[in-house]
Amino acid sequence: MAVSKALMLIPRRTQLFAAYGRTLIVALAIAIAMLVAPRSYADSAAPETSAVGVHGMVVSESDDAAHAGVEILKHGGNAVDAALATELAVGVTNPAACGIGGGGFMLIYMAKAHHFYALDYRETAPLMARPDMYMRNGKPDEDLARDGILGVGVPGEIAGIDAALRRFGTMKFQQIAAPAEKLAADGYVASPHLAKEIEMLAPKLKLDPGLAQVFLKPDGSAHNAGDTIVAKNLAATLKGLGDNPVASFYHGEVAAALVEFMKAHGGLVSAADLANYRPDWRDPIHHRYEDYDVYAMPPPSSGGVVLEMLGALDSGHLAGLGVNSPPYLARLIEVMRQGFIDREQYADPAFVGVQIQKLLTDDNIQQLRERALHPKKSPPPAAAAHDHGTTNLLVADKDGNVVALTTTINTVFGAKMSVPALGLILNDEMDDFAVAPGVPNAYHLEGERANEVRGGKRPLSSMTPIIVTKNGAPVMTTGGSGGPTIISGVLQVTLNILAFHLDAGSAVAEPRIHEQAAPDVVIVEQAMPAATRSALEQMGYKLRVVPELGAVGAITIAPANFRGAADARKGGGAVGY
Ligand code: GLY
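All figures in this text were calculated on a predicted structure; none of them were measured in a lab. (Residues numbered from 1 in each chain as written. Predicted model: local features only at pLDDT ≥ 70, side-chain atom pairs only at ≥ 80, totals over all residues. Heavy atoms only, no water.)

Undergrad: Quick question: what am I supposed to make of helix α13 (residues 303-313) here?
TA: For the α-helix, the turn length of 3.6 residues means that residues three or four positions removed from each other point alike. Within α13, 11 of the 11 residues are buried, leaving the element largely enclosed by the surrounding structure. S315 sits one or two positions beyond α13 and adopts a positive phi of about 55°. (Buried < 20%, exposed > 50% of the residue type's maximum accessible area, 1.4 Å probe, protein only. Helix = DSSP H or I, 4+ residues; strand = E, 2+ residues; numbered from the N terminus.)

Below is the structure:
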């Protein structure tokens, strides 16, 4: 059916909805799915990474997924419905980054209630997990946490989607899952970013029958950008979840298949782990920046670290320094370093008494500012922050609701293992724990006691979706992917908008830096002008130049004026309507 014809049918279907109930729910779901046609990177113009909308906006690291979300908005869904449809769709089209085997954080603003909600549906360590589970012959073996069955945490994705949908959505699970099911069943066009990841991981994908079957060609070579990838088993799993996905995923058929796979491969995730999994509604955290109120996820997110850094840069007259000027970057570097030092106190609050309110007091932030002004430098061992799994998406709707959501299976293709019959890629979220105190993880972040492995605990995360209001109304939202570079990226994009008044597209496009205290080296994107880099070197900073850091998206929100930007670093789409 042509897209225009399908669109003409929608109002009639919507009117008939009340009369024909459930049959038409299915019809509507099918109509939505039909509008999400695979896009070709080879035949058509590249997806739009910046867009303007009058009624709403969806930004995602997948253009197909952003379109799926906007179709839900157009069909009367709210920002939560659209965000969840986008999330399920991006789990199909960016499968190296996220999916039903992972978990995430969702920050929601509901305009009518004028209230923020924070949902933590992060993966959790299996009950059998132990602090020394990655020690071998007296030494930590961090590969065990990253590649393979012992890296797998209990997935939270479906429980989180279900909890948000039931509390704030207006649609049924199968309605919001329809676009994802169609993309998986009929195929989607591999983006250049996904093709790069498949190519990079091809030797490991070859070792897993389920991953090889979907992501490699019959001759074993990697799919290229523009190839159509079909994930029939994933489509069937999504459909089989029906409208009560928790029943199947955590207690029913999916749970049984997952547990059987775990037993067969020596994994720790048990039937009890799945049955006991619960997403947590947490109190969002908040701090002021200039005239703005910035809301973020509490621990185990690193949202508080971004709030601390913003607080330390408040009243800093940054605009006078100039965006990405050497004096501004020097100030950022020092504040980032101190923020990452404070990050060592963050962990799962159910296991560790994280003093988040104390960390966000004016006193603590003043101390951070003082430490940044009089830094004590540590020796700089070199390390790169490169792109990782994880994906961020943002939605703003016509009623003023906003969702900022980051979800992950951790590193690219997670544990590099899948449950073939389910089309489910297993996460390696256990690597976000301190594999052993003092031993760096995949992101070169050193582990401390607060973040050691414990059964039932959630690992510390860098994922930091945020929403900003002014005079009580949302004015922007942002979030990103790329391990700890999410924290520095979200900070810089927020400042580019609030302090330097850039539009969303320019704010996201500006080159970025990253400093995480250990190793104490400033990572700089090569797009940063050479003169700026050498000015930083002359100030005594040791730089490591990388092609690019993680991806950050943004939406700026004004009445009937939504400006969205996906990050060209990773591709994706901003779709307004
Ligand atoms: N797995 C990436 C993060 O949670 O920070």
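Undergrad: What am I meant to see in the sheet that holds strand β20 (residues 543-546) here?
TA: Whether parallel or antiparallel, the strands of a sheet pair through hydrogen bonds between backbone atoms. Spatial strand order, β18-β19-β20: three strands in an open sheet with mixed pairing. Looking along the sheet, the strands with just one partner apiece sit at the ends: β18 (513-514) and β20. Bridge count between strand β19 (residues 522-525) and β20: four bridges; the pairing is parallel. Paired with E525 across the bridge in β20 is V546. (Pairing = 2+ DSSP bridges.)

Undergrad: Just to check I follow, could you spell out the pairing of strand β12 (residues 391-396) for this structure?
TA: For a regular strand, side-chain orientation follows a simple rule: the groups alternate between the two sheet faces. Among the six residues of β12, six are classified as buried, and the element is accordingly described as predominantly covered. The alternating pattern of β12 places T391, L393 and V395 on one face and N392, L394 and A396 on the opposite face, and all of these are buried. Two strands pair when backbone bridges link them, and strand β2 (residues 57-60) and β12 are joined in this way by four bridges, in the antiparallel orientation. Paired with V58 across the bridge in β12 is V395. In the sheet, β12 pairs with strand β13 (residues 402-408) via six bridges, with the strands oriented antiparallel. Each residue of the ladder has a partner; that of N392, found in β13, is T406. Count of turn residues in the β12/β13 antiparallel hairpin: five residues, of which G400 carries a positive phi of about 95°.

Undergrad: What exactly am I supposed to notice about the packing of aromatic side chains here?
TA: Within a pair of aromatic rings, the relevant descriptors are the distance that separates the centres and the angle that separates the planes. Applying the stated criterion across every chain, the model contains eight aromatic pairs. Here F168 and W281 contribute two aromatic rings whose centre-to-centre distance is 5.8 Å and whose plane-to-plane angle is 85°, an arrangement assigned as edge-to-face. Linking F168 in helix α5 (residues 157-168) with W281 in strand β9 (residues 280-282), this pair joins segments that are 113 residues apart in sequence. Assessed through its relative accessible area of 12%, F168 is described here as buried. A relative accessible area of 32% places W281 in the partly exposed class. An aromatic cluster is present here, built from Y109, F116 and Y295 joined pairwise through their rings. (Phe/Tyr/Trp six-rings, centres within 6.5 Å; stacked < 30°, edge-to-face > 60°.)

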